[in-house]
Structures are given as C-alpha cells and as structure tokens.
Amino acid sequence: HYCWILGQDAKKGNKDVKRTKLQGSEVIALSDFIQNEFEKNHGTRPQYVIPPGIDARQFAHPIKEKDIDIIAVGSLIPLKQYEIFIDVIAEIKKQSPGISAMLIGDGPEKNKLQTLIAARGLDPNIILAGELPHPDVLQYMQRGKIFLHPSAYEGFGVVCIEALYAGCQVISFCRPMAPDIQHWHIVPEQGAMAQKTIEILQNPDSVYTSLNPFPMNNTAKKIMALFGLMQTS
C-alpha cells in the first residue's frame, strides 16, 4: 500500500507518522510543498509527488459571462484567512466602487465575517453565499474573473485547479508546485494580493481562459503505475 499525504497531515503534530514508520518509498505527496513539508517535519522524504486532478465533465459549458470580479470558495475557518479576502475587497473598492465579489462556504467564522463586511461598508459588494452544492459552486466559478485563496496553509487546493478550469486567474499565498502554473499567481502578503488583483482587473489585455494543468486521467495513471498496472511516458 501507499500513504498519500494530502495537507495538514504533513504537519509536525501528526503522531501517526511515528506509529506507522513509513519509508519514503511508501509515501506519496500531493504536491512539491507537501513533499518538503513532510520531510522537514518527519525526516522522511516522500518518494513520489502526484498532484490532484479534476474531472472536466463536471463543468457546465459554454463558459458563462464573467460578471463576478472576485470569488473565493472554502470552509469559513481561521486557517483560510477570509478576513484578508474582505480587506482586499475593501482596498480595491477605493479605486473601483462597483467591485463585485462572492464568498462561498460556511463555518464557524461566518458571523465574524458578516460583521466585518458590514463594518467595512461592503454589503453592496460582497455576497456571502453560504454552502452550496458543488455543481453550483463550479458554475459561479465560471462567472468569476479572479479566484482569491488567502489560506495560510494548503497542501494543494483542488479548488484552485477548478478555478483555473473555470477560466479564473488564481491568486494565493501558498505555492503547491515548484514550477510556475499559468494564471496562478503566488504573492507574499495581503498588500501584494490586493495589488495583483487590481493589476489583473485593470489590464485590458487580461485573459480568462480555461486551463487544466492536472487532468484527472493523469493522476489516475500515475497512481496505477505505482501498482504496476500501466506504464507512464
């Protein structure tokens, strides 16, 4: 068997790593980041890196009109840092009063975020949509231009790959893979996130094309190859 390390299980607090005594040849990392994080925290370097994939058949076609400037999707928990999302919208509103944004998700931070939206005068600009069925989330993504992902820690946010396929440009703090991914911008802090968002929205040459850097078939083939079920090129 293989153990696929997906996210927070790479952190130092995962006591199961010592119990299982897994060798590097038995461990798959979801991303380059997770491979390095697991080695740093547990002294074992996963031998394999296999990113997640998405099933493009889940998306409605054709791509809908891009009428949502900024969108975010995730659990409303402290780790995801959605107060930064709200602060970025507030900063952009200084230049673009009609900025439109949507935050999809539910969780213990919901009331806090609602209060912050009201306090910043952003009720006309931000829709807090709550938890929605996955097909609905994908359709809203297809209406978005920029996908903001201010999470403080991320193994490899599948939601970001979905956003790329939906035709969004993605901006995040966490870099999952060492090579750059087209239309996925990594920024160091909140101010840079706001600046990059403004830059993209104000650039008349910005494009919002559908990209799929990690097809599900590729992920499946790499897993199957580990079990000798097929050869990879």
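In this report, the structure presented in the accompanying data block is examined.

1. Side note on the nonpolar core
In step 1: Counting 28 residues, the largest nonpolar core has Ile70, Phe85, Ile89, Ile126, Leu148 and Met193 as the members making the most contacts within it.
In step 2: The set of elements that each furnish at least two residues to this core consists of β4 (68–73), α3 (82–93), β5 (101–104), α4 (110–119), β7 (144–149) and α7 (190–202).
In step 3: At 8 residues, the largest contribution of residues to this core is made by α3.
In step 4: Excluding anything up to four places from it in sequence, Ile89 contacts Ile70, Ile99, Ala101, Leu122, Asn125 and Ile126.

2. Let's talk about the sheet that holds β4
Working definition: the strands of a sheet are paired by backbone hydrogen bonds and lie parallel or antiparallel to each other.
In step 1: If you trace the 6 strands from one edge of the open sheet to the other, you get β6-β5-β4-β7-β8-β9, paired in parallel fashion. Looking at strand neighbours, the two that pair on one side only are β6 (126–130) and β9 (184–186), the edges of this open sheet. Sheet twist, expressed as the mean angle between neighbouring strand axes with direction ignored, is 20 degrees.
In step 2: Two elements, β4 and β5, share 4 bridges in a ladder whose sense is parallel. Of the residues in β5, the one forming a bridge with Val73 is Ile104.

3. Some words on the packing of aromatic side chains
What describes a pair of aromatic rings is the distance from one ring centre to the other and the angle between the planes of the rings.
In step 1: In total, this model carries 6 aromatic pairs according to the counting rule given.
In step 2: With 5.2 Å between their ring centres and 85 degrees between their planes, Tyr2 and Phe227 make a pair best called edge-to-face. With a gap of 225 residues between them, Tyr2 in the segment before β1 (3–5) and Phe227 in the segment after α8 (216–226) connect regions that are remote in the sequence.
In step 3: On the basis of relative accessibility, which here comes to 49%, the residue Phe227 falls in the partly exposed class.
In step 4: Plain terms: the ring middles of Phe156 and Trp184 are 5.8 Å apart, the flat faces sit at 70 degrees to each other, and that makes the pair edge-to-face.

4. Section: the layout of surface pockets
In step 1: Of the pockets and cavities examined, the largest pocket occupies roughly 250 Å³.
In step 2: Lining the largest pocket are 18 residues, with Lys80, His149, Glu154, Gly157 and Val158 positioned closest to its centre.
In step 3: Of the residues contributing to the lining of the largest pocket, the split by class is 9 nonpolar, 7 polar and 2 charged.
In step 4: Put simply, the second largest pocket is a space of about 170 Å³.
In step 5: Considering the residues around the second largest pocket, the lining is formed by Val73, Gly74, Ser75, Ile104, Gly105, Asp106, Glu131, Leu132, His134 and Val137.

5. Quick look at the sheet that holds strand β3 (residues 48–49)
In step 1: Here we have 3 strands laid out as an open sheet, ordered β1-β2-β3, and parallel in their pairing. The open sheet has two edge strands, β1 and β3, and neither has a second partner.
In step 2: Sheet topology places β1 next to strand β2 (residues 27–29); 3 bridges connect them, and they run parallel. Looking at β2, one finds that Cys3 is bridged to Val27.

Reading the values: rules and limits
Residues numbered from 1 in each chain as written. Predicted model: local features only at pLDDT ≥ 70, side-chain atom pairs only at ≥ 80, totals over all residues. Heavy atoms only, no water. Core = buried A, V, L, I, M, F, W, Y, C linked by side-chain atoms within 4.5 Å. Buried < 20%, exposed > 50% of the residue type's maximum accessible area, 1.4 Å probe, protein only. Helix = DSSP H or I, 4+ residues; strand = E, 2+ residues; numbered from the N terminus. Contact = heavy atoms within 4.5 Å. Pairing = 2+ DSSP bridges. Axes fitted to C-alpha atoms, helices over the stretch in contact; angles between N-to-C directions. Phe/Tyr/Trp six-rings, centres within 6.5 Å; stacked < 30°, edge-to-face > 60°. 1 Å grid on protein atoms, 1.4 Å probe; cavity = no way out; pocket = protein on both sides within 12 Å on 5 of 7 lines; lining within 4 Å. Points joined across faces, edges and corners; volume = space filled by probe spheres on them. Nonpolar A, V, L, I, M, F, W, Y, C, P; charged D, E, K, R; others polar.

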